[in-house]
Amino acid sequence: MLDPYKRHIHYLRISVTDRCNLRCVYCMPEEGVPLIPHDQILSLEEIRDIVKVALSLGIDKIRLTGGEPLVRKGIVDLVAMIASFEGLRDLAMTTNGILLSTFAADLKAAGLNRVNVSLDTMDPVRYAEITRGGKIEDVLEGLAAAKAAGLSPIKLNAVVPFNSGPLAAGDVARFGEEQGFEVRFIHQMDLQAGEFTVVEGGEGGDCAHCSRLRLSSRGIIYPCLFNDIGFDVKTLGAREAILAAVRGKPKCGVPGSGNTFYGLGG
Ligand code: SAM
Ligand code: SF4
């Protein structure tokens with residue numbers, strides 16, 4: 001699909017839940033967020049059906065995210081349903097890795113190609129502070145399980161302060177090099193204030209070359225993380241919501257977006 005600025009739109013990021021087992025300081029308030037009632041969340045079958053339509057329209061790359069995708073009940077079944085479709089070139093997941101040791105082998109067997117795991121520091125105390133209680137050992141076990149399961153490539157996402165360079169997560173860079181994991185540095189963003197930048201080592205945040213649409217767990221297709229415009233699959237149907245999002249994709253993000261990282265998966 002081509003948008004009005006001649007960008008090739010072929011990548012759909014799906015937030016399968018707004019729930020999370022961590023409370024990262026830059027993402028969620030300590031007390032959590034008002035949860036979307038279960039009956040307003042897309043069912044696994046509804047997500048599957050939207051994916052089918054998206055693939056028929058030219059999407060060929062899908063990433064499952066959240067919230068934390070591994071807390072969504074039935075996530076392995078969803079991977080299996082999506083992976084069985086023709087036309088999919090790449091099926092990936094972004095996860096905090098806390099539950100990855102439990103799920104890695106099953107995810108691989110179900111057809112997941114690869115994972116990005118969020119890790120901002122190698123210091124267990126600092127990790128617990130940033131995530132408000134997360135245990136880094138769980139993530140390290142998850143990474144080992146992902147490697148053993150053959151999920152590849154494994155990438156690490158490290159959030160660094162808005163104004164700092166990748167050296168802020170130098171220990172993660174060294175760990176990645178030792179283990180053969182690619183590391184991407186994401187500058188901490190503030191969507192409301194319009195603070196967003198490109199991802200170093202990745203492709204996010206580069207408006208001129210953006211190829212993405214996002215699907216929220218409520219069933220809204222958002223053409224841009226940095227813009228509130230959204231198209232509801234439940235009222236428009238998947239095909240029209242996707243086409244409207246491509247037609248309505250803004251040239252570039254703007255400050256003041258009410259979107260959230262935990263709601264749209266980054
Ligand atoms: N829970 C999963 C995880 O943490 O990987 C997936 C969802 S999380 C919202 C996706 C990515 O967004 C993570 O890599 C996280 O570090 C990043 N993120 C969250 N809040 C952010 C912020 N304010 N600025 C930049 N990146 C952010
Ligand atoms: Fe949860 Fe991911 Fe947000 Fe951290 S960044 S609170 S792990 S959704």
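Residues numbered from 1 in each chain as written. Chains lettered and ligands numbered in written order. Predicted model: local features only at pLDDT ≥ 70, side-chain atom pairs only at ≥ 80, totals over all residues. Heavy atoms only, no water.

Q: I keep staring at the site of ligand 1 and nothing clicks. Help me out?
A: In the vicinity of ligand 1, 18 residues are found, and the nearest of them are Tyr26, Gly67, Ser118, Val159 and Met189. One of the side-chain nitrogen or oxygen atoms of glutamate 68 is found 3.2 Å away from a nitrogen atom of ligand 1. Separating an oxygen atom of ligand 1 from a side-chain N or O atom of serine 118 is a distance of 2.5 Å. Secondary-structure elements contributing two or more residues to the shell around ligand 1 are strand E3 (90–95), strand E5 (154–160) and strand E6 (182–187). By residue class, the composition of the shell around ligand 1 is six nonpolar, eleven polar and one charged. (Near = heavy atom within 4 Å. Polar contact = N/O pair within 3.5 Å; in protein donor to acceptor, adjacent residues only side chain to side chain. Helix = DSSP H or I, 4+ residues; strand = E, 2+ residues; numbered from the N terminus. Nonpolar A, V, L, I, M, F, W, Y, C, P; charged D, E, K, R; others polar.)

Q: What is the right way to read the site of ligand 2 from this model?
A: Around ligand 2, the neighbouring residues are Cys20, Leu22, Cys24, Cys27, Gly67 and Asn96. Of the residues belonging to the shell around ligand 2, the class tally is four nonpolar, two polar and no charged.

Q: Can you walk me through the layout of surface pockets in this structure?
A: Picture a little ball the size of a water molecule; that probe, rolled over the atoms, points out where space is still empty. Considered as a void within the structure, the second largest pocket measures approximately 230 Å³ in volume. As for the second largest pocket, its lining consists of 15 residues, and the residues nearest its centre are Ile36, Arg218, Tyr222, Thr260 and Gly263. Of all the elements in the fold, those that place two or more residues in the lining of the second largest pocket are strand E8 (220–222) and helix H9 (261–264). Among the residues forming the lining of the second largest pocket, the class breakdown is seven nonpolar, six polar and two charged. (1 Å grid on protein atoms, 1.4 Å probe; cavity = no way out; pocket = protein on both sides within 12 Å on 5 of 7 lines; lining within 4 Å. Points joined across faces, edges and corners; volume = space filled by probe spheres on them.)

Q: Would you mind showing me how to read the side chain of histidine 10 here?
A: Secondary-structure assignment places histidine 10 in the segment before strand E1 (11–15). With a relative accessible area of 15%, histidine 10 lands in the buried category. The residues touching histidine 10, leaving out its near neighbours within four places in the chain, are Gly58, Ile59, Asp60, Lys61, Arg89 and Ser211. (Buried < 20%, exposed > 50% of the residue type's maximum accessible area, 1.4 Å probe, protein only. Contact = heavy atoms within 4.5 Å.)

Q: I keep staring at the side chain of arginine 63 and nothing clicks. Help me out?
A: Considering the arrangement of structural elements, one finds arginine 63 in strand E2 (residues 61–65). The contact partners of arginine 63, leaving out residues within four places of it in the chain, are Tyr11, Leu12, Arg13, Ile14, Ala92, Met93, Thr94, Arg114 and Asn116.

Q: Would you mind showing me how to read the sheet that holds E2 here?
A: Here nine strands make up an open sheet; going across it, the order is E6-E5-E4-E3-E2-E1-E7-E8-E9 and the pairing mixed. Both edges of this open sheet fall to E6 and strand E9 (231–232), since each of them pairs with a single strand only. Pairing analysis gives five bridges linking E1 to E2, with the strands arranged parallel. When the sheet's bridge partners are listed, isoleucine 14 is paired in E2 with leucine 64. Against the sheet, helix H5 (residues 136–149) engages strand E4 (114–118) and E5, with an angle of about 150° to E5. (Pairing = 2+ DSSP bridges. Axes fitted to C-alpha atoms, helices over the stretch in contact; angles between N-to-C directions.)

Q: Just to check I follow, could you spell out the packing of aromatic side chains for this structure?
A: Two numbers describe a pair of aromatic rings. These are the distance of the centres and the angle of the planes. Scanning the entire structure with this criterion turns up one aromatic pair. Summarising the aromatic geometry, the rings of phenylalanine 175 and phenylalanine 181 are spaced 5.9 Å apart at their centres and angled 65° between planes, so their arrangement reads as edge-to-face. Owing to a relative accessible area of 14%, phenylalanine 175 belongs among the buried residues under this scheme. Directly above the aromatic system of tyrosine 11 lies the positively charged group of lysine 61, at a separation of 4.3 Å from the ring centroid. (Phe/Tyr/Trp six-rings, centres within 6.5 Å; stacked < 30°, edge-to-face > 60°. Lys NZ or Arg CZ within 6 Å of the ring centre and 35° of its normal.)

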